[in-house]
Amino acid sequence: MKFYSTNNKTLAVSFKDAVFNSLPADKGLYMPEQIPQLDPLFIKNIQQYSLQEIALEVASTLLGNDIPKPDLKKIVDEAINFEAPVKFLNNSTAVLELFHGPSYAFKDFGARFMSRIMAYFSKSDDKLLDVLVATSGDTGGAVALGFLGVEGTRVTILYPKGKVSEVQELQLTTNGQNIRALEVDGTFDDCQALVKQAFNDAELNQTLRLTSANSINIARLIPQTFYYFYAYAQLRSQGINEVVFTVPSGNFGNIGAGLLAYKMGLPVKHFVAATNVNDTVPRFLASGQYAPKPSVQTLSNAMDVGDPSNWVRIQDLFAGNLAELKAMLSSYTFTDEETKAGMDRLVQDANYIACPHTAIAWLGAQAYANDHPGTYASVFLSTAHPCKFPDAIDADVFAKIVLPAGAEALQGKEKLAEPLAVNFEAFKRYLINHN
Ligand SMILES: *Cc1c(COP(=O)(O)O)cnc(C)c1O
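The model shown is predicted, which means the values in this text are computed figures rather than measured ones.

Describing the sheet that holds strand β10 (residues 243-248)
- Taken in spatial order, the six strands of this open sheet run β4-β5-β13-β10-β11-β12, and their pairing is mixed. In this open sheet, the two edge strands, each paired with only one partner strand, are β4 (86-88) and β12 (329-333). Taken pair by pair, the neighbouring strands of this sheet meet at an average axis angle of 25 degrees, ignoring direction.
- Direction of pairing for strand β5 (residues 93-97) relative to strand β13 (residues 377-382): parallel, over a ladder of five bridges. Looking at β13, one finds that threonine 93 is bridged to serine 378.
- Seen against the sheet, helix α12 (residues 253-263) touches β10, β11 (270-275), β12 and β13 and runs at an angle of roughly 175 degrees to β11.

Put into structure tokens, the structure is as follows:
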């Protein structure tokens, strides 16, 4: 499969080039040249297959001959080595839990798959692949744990001192092996600027083989299609054929992958994008005008995006046809107050403790069901485990959270982070001296 830039469809590159470049030079995003259809017989019998079997079928349909199937199977089996269960909260509403991977967030799907794809394509290189990543929390943990122990790779994470939660910091700083953490005395934007400068530094690029673990990398989008198929498989095994997915959305990669799955032949009745007050897409769907705004800080901070990068991919999937897009996609937006109330109601009504992002998805699912009653299953996506967000959850509720097994073990581990000032020369020296 070749991948074109959303800005120029005539310039197609190989999967490998799309993975290592992350972004085409014209600042578009990579998309598959065609949307291949899954075998209808596979969809018909999908309830027979495991998550890993579904992932292999979907990935090999999308990638064609880019990676021989036995190699792709190994990548999929290693990357997607955790579950994604659909759990019903009542007769019609279910949650698709995507936080059973090592960083307790759905970004594990993308990060783990991408790390192994990068390692696969780097096998014959003699230089280490140096991944630089700036994080405000969730992405860094997924990338660190995604690359942990992956041969031929090394990760350097920059995170803002004092601005990530305890679980997040432990996930970034307790790994050792091929993962290094730099605790930057500055903001997330400072971290991002340092990483950007490193990619533009000639000397660094000569000494090291640098790459980014950018969230818009096509190798992160592809594995996010897997769990939509798998959720549908789980519903089918219960005799359910109709599903509406509600996705808590920030940069719109997750829901973009859902829409890609739909275009590949997954029978989905409708998608709902649920956002916090960063409502550029809901405003677009209402007015037809795409008017991005600077992002606003909210409780659901992984969704604080004012100009969602992946929106161009969704436009591309629908070839700019707004009517067709609106027939498949609705959206709702919620304030922090509504998010908090939603989290409380989920505990009261369903005894379910959700992170703020997940609560927004549930609110979106409720709003859509109110506007469009029917017999479909309403499945909302849980993108992170609530234990990652102590500041957003009432202390008495937080105390009742059952920690995942690994989170307990994290507490006793030693923090390994080097302090770093917001100073590019100091960052560069670190990278060169610790090569
Ligand atoms: C990244 C993230 C989101 C938003 O996903 P997008 O693909 O950017 O729309 C939602 N919830 C959590 C917990 C996240 O980490």
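Side note on the state of the cysteines
- Scanning the model with the defined rule gives zero disulfides in all.
- Distance from the sulfur of cysteine 355, which forms no disulfide, to the nearest cysteine sulfur (cysteine 387) is 10.0 Å.
- Residue cysteine 355 is classed as buried on the basis of its relative accessible area of 0%.

Things to note about the site of the ligand
- In the vicinity of the ligand, 15 residues are found, and the nearest of them are Lys107, Asp138, Gly250, Asn251 and Thr383.
- One nitrogen or oxygen atom from the side chain of lysine 107 is found 2.5 Å from an oxygen atom belonging to the ligand.
- At 2.8 Å, a side-chain N or O of threonine 383 approaches a nitrogen atom of the ligand.
- Coverage of the ligand by the protein amounts to 95% of the 380 Å² it exposes when considered alone.
- Tallied by class, residues from the shell around the ligand come to six nonpolar, seven polar and two charged.

With respect to the pattern of salt bridges
- Taken as a whole, this structure holds 13 salt bridges when the rule is applied.
- Measuring nitrogen to oxygen at the nearest pair gives 2.9 Å for the salt bridge that ties lysine 415 to glutamate 169. You can see lysine 415 sitting in the loop between α19 (405-411) and β14 (417-420) and its partner glutamate 169 sitting in helix α7 (residues 166-173), a full 246 residues away along the chain.
- For lysine 415, a relative accessible area of 40% translates into the label partly exposed.
- Ionic contacts of the salt-bridge type, sharing partners, join the residues Lys74, Glu78 and Arg116 into one network.

Some details on the nonpolar core
- Of all hydrophobic cores here, the largest spans 96 residues; its most connected members are Phe15, Tyr228, Phe229 and Phe245.
- Top element by residues in this core is helix α11 (residues 226-236). It accounts for nine residues.
- Those residues in contact with phenylalanine 229 that lie beyond four places of it in its chain are Leu38, Ile43, Ile46, Ile54, Val58, Ala261, Met264 and Leu266.
- Residues Val95, Phe334, Ala361 and Tyr376 belong to the second largest nonpolar core, which totals 20 residues.

Overview of helix α17 (residues 356-371)
- Between the first and last C-alpha of α17 there are 23 Å, a value that for 16 residues agrees with the 22 Å anticipated at 1.5 Å per step.
- With 12 of 16 residues buried, α17 is to be regarded as a mostly interior element.
- Along α17, the residues classified as buried are Pro356, His357, Thr358, Ala359, Ile360, Ala361, Trp362, Leu363, Gly364, Ala365, Ala367 and Tyr368.
- The inward-facing, buried residues of α17 contact β5, β10, β11, β12, α16 (336-350) and β13.

A few points about the packing of helix α4 (residues 69-79) against helix α5 (residues 107-122)
- For the pair α4 and α5, interaxial distance at closest approach is 9 Å and the crossing angle is 145 degrees. When you trace α4 past α5, the crossing you get is right-handed. Contacts between α4 and α5 involve Asp71, Ile75, Val76, Glu78 and Ala79 from the first element and Arg112, Phe113, Arg116, Ile117 and Tyr120 from the second.
- Class assignment for the residues of the contact of α4 with α5 results in six nonpolar, no polar and four charged.

Concerning the sheet that holds strand β6 (residues 129-134)
- One open sheet accounts for five strands, arranged β9-β6-β7-β8-β14; its pairing is parallel. The sheet is open, and its two borders are formed by β9 (209-212) and β14, each paired with just one other strand. Strand-to-strand twist across the sheet, computed as the mean angle between neighbouring axes with direction ignored, equals 25 degrees.
- One ladder, built from four bridges, connects strand β8 (residues 179-184) with β14; its direction is parallel. For leucine 182, the partnering residue across the bridge sits in β14 and is glutamate 418.

A word on the environment of leucine 98
- Looking at where leucine 98 falls in the secondary structure, it is placed in the loop between β5 and α5.
- On a C-alpha basis, the gap between leucine 98 and alanine 384 in space is 6.8 Å, while along the polypeptide they are 286 residues apart.

Details of the packing of helix α3 (residues 51-63) against α4
- Interhelical geometry of α3 versus α4 gives an angle of 130 degrees and a closest axis separation of 9 Å. The orientation of α3 relative to α4 falls into the category oblique. Considering only the axes of α3 and α4, their crossing is right-handed. Here α3 contributes Gln52, Ala55, Leu56, Glu57, Ala59, Ser60 and Leu63 to the contact with α4, which in turn contributes Lys69, Leu72, Lys73, Val76 and Asp77.
- When grouped by side-chain class, the residues that make up the contact of α3 with α4 number six nonpolar, two polar and four charged.

A closer look at the side chain of threonine 93
- Secondary-structure assignment places threonine 93 in strand β5.
- Judged by relative accessible area, which is 6%, threonine 93 ranks as buried.
- In this structure threonine 93 touches Lys87, Phe88, Trp362, Gln366, Ser378 and Phe380, once residues within four positions along its chain are discounted.

Details of unusual backbone geometry
- Unlike most non-glycine residues, glutamine 177 shows phi in positive territory, near 50 degrees.
- Summarising the element assignment, glutamine 177 is placed in the loop between α7 and β8.
- For glutamine 177, a relative accessible area of 64% gives the class exposed.
- Phi is positive for asparagine 351, which is not a glycine, with a value near 55 degrees.

Definitions and cut-offs
- Residues numbered from 1 in each chain as written.
- Predicted model: local features only at pLDDT ≥ 70, side-chain atom pairs only at ≥ 80, totals over all residues.
- Heavy atoms only, no water.
- Pairing = 2+ DSSP bridges.
- Helix = DSSP H or I, 4+ residues; strand = E, 2+ residues; numbered from the N terminus.
- Axes fitted to C-alpha atoms, helices over the stretch in contact; angles between N-to-C directions.
- Contact = heavy atoms within 4.5 Å.
- Disulfide = S-S within 2.5 Å.
- Buried < 20%, exposed > 50% of the residue type's maximum accessible area, 1.4 Å probe, protein only.
- Near = heavy atom within 4 Å.
- Polar contact = N/O pair within 3.5 Å; in protein donor to acceptor, adjacent residues only side chain to side chain.
- Areas by Shrake-Rupley, 256 points an atom, 1.4 Å probe, with all protein chains shown as cover.
- Nonpolar A, V, L, I, M, F, W, Y, C, P; charged D, E, K, R; others polar.
- Salt bridge = Lys/Arg side-chain N within 4 Å of Asp/Glu carboxyl O.
- Core = buried A, V, L, I, M, F, W, Y, C linked by side-chain atoms within 4.5 Å.
- Expected span 1.5 Å × (residues − 1).
- Left-handed = near helix turned anticlockwise from the far one by under 90°.
- Parallel < 35°, antiparallel > 145°, perpendicular 65-115°, else oblique.

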